[in-house]
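Overview (structure and organization)
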Amino acid sequence: ADIIKLKNINKIYGNQVKTQVLHDLSLDIKEGSFTSIIGQSGSGKSTLLNIVGTLDKPTSGEVIIDGKRTDGMVKNELAALRNKTIGFIFQFHYLLPEFTALENVLLPNNIMAKSNKETKARAEELMQLVGLEKVRNNLSSNMSGGQQQRTAIARALMNNPRIILADEPTGNLDSDSTENIYNLMRDINKKFGTTFVIITHDRRIAEKADRIIEIKDGRIALDI
Ligand code: ADP
Ligand code: ADP
């Protein structure tokens, strides 16, 4: 089944001077698949991912996530859907430097005041999964780029999301770490059936995905 469906998406920025960034874009993504999105800078990749992630709304068109139409939802409904269904990973992982890796994974959940014992156990389990059990109590500012991105991946997995959206997750890493982070995401995809959509400039990473979509001037130029 398709866990993500976009129908005839248009996105226009600006009031006085309008810029159309996405043009009548339709896209279905199968549950459990691993898709990479490529394309030149400014082609609309991040806009597309933000619309899928319900962080941004299309000017027109339909967005259906896990069977639910999201483009008409209000703020609270969107926040609930994101919290339950979607995990995000960014190039700049937005970890808090003065907190440990484990605390960074726990933090978003503490703010939402869930059961402490369960969340702690879940966070510990995830530190193991991402290979950080030995360094989980180190300050994130003292960790390598790859370790920081592993922390960000663990944080994205906290609520066991069905979908992970990643915008240049290896953009700041050297090629060894890039390979390691890709392998980790792939392992998660295989193990839990989590659907991945990742934007990447790294051709070698892009080519390993189940599906490659190239965006050009706000349209799908290639889908293989
Ligand atoms: P990519 O991720 O492929 O680099 P983006 O989706 O970030 O492309 O941007 C596509 C185009 O939309 C660019 O021309 C960018 O300047 C413009 N854009 C992105 N976000 C906004 C915004 N909030 N307001 C106005 N223009 C924007
Ligand atoms: P970096 O090269 O920046 O340290 P990596 O992502 O390559 O970042 O590795 C981060 C940490 O995870 C290191 O301590 C490494 O030993 C460990 N690690 C690397 N690959 C794996 C893996 N497949 N499984 C578990 N732990 C790993």
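For the protein chain, an unreviewed UniProt entry supplies the name Lipoprotein-releasing system ATP-binding protein and the organism Youngiibacter multivorans.

On inspection of all chains with the given rule, the structure shows 16 salt bridges. Between Glu-62 and Arg-69 there is a salt bridge whose closest N-O contact spans 3.6 Å. We classify Glu-62 as partly exposed; its relative accessible area is 25%. Where Asp-71 meets Arg-69, a salt bridge forms, and the shortest distance between an N and an O atom there is 2.8 Å. For Arg-69, a relative accessible area of 44% corresponds to the partly exposed category. Several salt bridges share partner residues, and in doing so they unite Lys-7, Glu-62, Arg-69 and Asp-71 into one network.

In terms of nonpolar packing, the biggest core is built from 30 residues, with Phe-34, Ile-89, Met-127, Ile-153, Met-185, Phe-196 and Ile-198 touching the most fellow members. Of all the secondary structure elements, the ones that give two or more residues to this core are helix H3 (101-111), helix H4 (116-129), helix H5 (145-157), strand E7 (163-167), helix H6 (175-192) and strand E8 (195-199). In terms of residue count, the dominant contributor to this core is H6 (five residues). Excluding residues within four positions of it along the chain, Met-127 makes contact with Ala-101, Leu-102, Val-105, Leu-132, Glu-133, Arg-136 and Ala-154. Counting 27 residues, the second-largest nonpolar core is a separate cluster that includes Ile-9, Val-21, Leu-22 and Leu-165.

So, how was this worked out
Residues numbered from 1 in each chain as written. Chains lettered and ligands numbered in written order. Predicted model: local features only at pLDDT ≥ 70, side-chain atom pairs only at ≥ 80, totals over all residues. Heavy atoms only, no water. Salt bridge = Lys/Arg side-chain N within 4 Å of Asp/Glu carboxyl O. Buried < 20%, exposed > 50% of the residue type's maximum accessible area, 1.4 Å probe, protein only. Core = buried A, V, L, I, M, F, W, Y, C linked by side-chain atoms within 4.5 Å. Helix = DSSP H or I, 4+ residues; strand = E, 2+ residues; numbered from the N terminus. Contact = heavy atoms within 4.5 Å.

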